[in-house]
Amino acid sequence: MIDDIRELKQKANQLRRNIIEMTYQSERKIHVGPALSCIDILAALYFKFMRIDPENPMWEDRDRFILSKGHAYAALYAALCERGFFDKKELKTVRHINSKLQGHPAMYKTPGVDMTVGSLGNGLGIGLGMAYYLKLIGKPSKVFVMLGDGELNEGAIWETVMQAPVRKADNLIALVDYNHYQSCGSCEDILPMGRLGDKWKDFGWNVLEMNGHDMADIVNKIAIAINFHGAPTVIIAHTVKGKGISFMENQNIWHVNKVTQEQYKKAMDELKEEARWI
C-alpha cells in the first residue's frame, strides 16, 4: 500500500489516463465527467486504505466499496485494473457486448466489484445492510459508499441516513462527490441541497468535509473517518466535474460523451504534463 502523498498523486494521474483511454477506445459514450471528479478519492481508497486482496476478491475480511453513483463506472474500473483485479487490456472493452466491464458495475461479471449498482439511490441502504451484518458477526471490515450529489435527490438515501445512526453503524463511511452537477444540469438549479453537512449532522452522522482533489486532505479525512467510533461518518468531498482535463472541467456536456482523436491527444498531453510536476 502507498503511504507517500506524492505517490498517491501519481497513481491518481495514472487512473485519469486510464479513464481517458476508456473514453477514447470504447464504442459507446462514457460517463467521463463524474468519473474524473471522484478519481482522487478512489486512488486513496484503493491504494492506501482499503483492506482488499486482488488474488482473493471475495476474502471475507475485506473492506467493501459500493459505487452508488454507478454511472462513474470508469473510475472504479480504472482503479480495479490498476490494483490488479483484471488485465488492463479489458479497459478497451468497456460497454462492449459480453465485456466484463459493463455500463454499470456488476458484481458477478467484474472481479473486485462488491455490489451491482445502476438505479440511483440504493447504494447507501445496501451499504448499511453490509455494515450492520459485518458488525454483528464481529468482522473488522469497513464499508465505503460513494454517492453523487445529484443522487441525493433520491428519497431512499435519506431513509438510510435516518436509520444508520440508530444501528450505530460506525463501520459505514459515506462519501459524497459534491461536484454540483447532475445529468440534466446544475444541482443548485434542479434541487438545491442547502447546508448539506447540517442535514447529515441533524440525523446523527459524524460529518467531515474535504477538498476532493487535495490528496493530503483526502488521506487525513478518510483516516479520521476510519478511526471514528459511535456513529457512521459522511465525508462531503468538494470536487470539480471533469477534474484534470481543462476542456472538461465544469462542462456538463462531459457528463457522458466520447473524445475525438484531437481531444484524446490534448487530454493525455495535459496529464503527462501534470505528472511532470507532481
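Residues numbered from 1 in each chain as written. Predicted model: local features only at pLDDT ≥ 70, side-chain atom pairs only at ≥ 80, totals over all residues. Heavy atoms only, no water.

**Describing the overall build of the chain**
Across its full length, the chain carries nine helices and seven strands. Here the C-alpha atoms of the chain give a radius of gyration of 17 Å, agreeing with the 19 Å that 2.2 N^0.38 yields for 278 residues. Along the first, second and third principal axes, the C-alpha atoms of the chain reach 50 × 45 × 40 Å. Going through the 278 residues of the chain one by one, you find that 56% of them count as buried. (Helix = DSSP H or I, 4+ residues; strand = E, 2+ residues; numbered from the N terminus. Rg over C-alpha atoms; globule rule 2.2 N^0.38 Å. Buried < 20%, exposed > 50% of the residue type's maximum accessible area, 1.4 Å probe, protein only.)

**Observations concerning the environment of Pro 140**
Looking at the element boundaries, Pro 140 is found in the loop between helix H4 (123–136) and strand S2 (143–148). Remark: the alpha-carbon pair of Pro 140 and Asp 63, spanning 77 residues in sequence, is separated by 8.3 Å. When residues no more than four places from it in sequence are discounted, the contact partners of Pro 140 are Arg 51 and Asp 61. (Contact = heavy atoms within 4.5 Å.)

**Looking at the sheet that holds S2**
One open sheet accounts for five strands, arranged S1-S2-S3-S7-S6; its pairing is parallel. Two strands lie at the open edges of the sheet, namely strand S1 (64–67) and strand S6 (206–211), each paired on one side alone. Each strand axis lies, on average, 20° off the axis of its neighbour in the sheet, ignoring direction. Here six bridges tie strand S3 (residues 172–178) to strand S7 (residues 233–238), and the two strands are oriented parallel to one another. Counted as the bridge partner of Tyr 178 is His 238 from S7. Lying over the sheet, H4 contacts S1, S2 and S3, oriented at roughly 170° with respect to S2. (Pairing = 2+ DSSP bridges. Axes fitted to C-alpha atoms, helices over the stretch in contact; angles between N-to-C directions.)

**With respect to the side chain of Ser 99**
Relative to the assigned elements, Ser 99 resides in the loop between helix H3 (73–83) and H4. A relative accessible area of 5% places Ser 99 in the buried class. A polar side-chain atom of Ser 99 sits 2.9 Å from the main-chain amide nitrogen of Leu 101. (Polar contact = N/O pair within 3.5 Å; in protein donor to acceptor, adjacent residues only side chain to side chain.)

**Some thoughts on the nonpolar core**
Formed by 63 residues in total, the largest nonpolar core has its most connected members in Ile 19, Tyr 46 and Phe 65. Examining the composition of this core, we find that 13 residues originate from one element, helix H2 (residues 32–49), more than from any other. Once residues within four sequence positions are removed from consideration, Tyr 46 is found in contact with Met 1, Ile 52, Phe 65, Leu 76, Ala 79, Leu 80 and Arg 83. In this structure, Val 117, Leu 128, Leu 147 and Trp 200 belong to the second largest nonpolar core, which totals 27 residues. (Core = buried A, V, L, I, M, F, W, Y, C linked by side-chain atoms within 4.5 Å.)

**Observations concerning the packing of H2 against helix H8 (residues 215–226)**
Packing of H2 against H8 leaves a shortest axis separation of 10 Å and a crossing angle of 60°. Taken as axis vectors, H2 and H8 run oblique relative to one another. Handedness of the crossing formed by H2 with H8: right-handed. Facing Asp 40, Ile 41, Ala 43, Ala 44, Leu 45, Lys 48 and Phe 49 of H2, the residues of H8 in contact are Met 215, Ile 218, Val 219, Ile 222, Ala 223 and Ile 226. Taken together, the residues of the contact of H2 with H8 sort by class into eleven nonpolar, no polar and two charged. (Parallel < 35°, antiparallel > 145°, perpendicular 65-115°, else oblique. Left-handed = near helix turned anticlockwise from the far one by under 90°. Nonpolar A, V, L, I, M, F, W, Y, C, P; charged D, E, K, R; others polar.)

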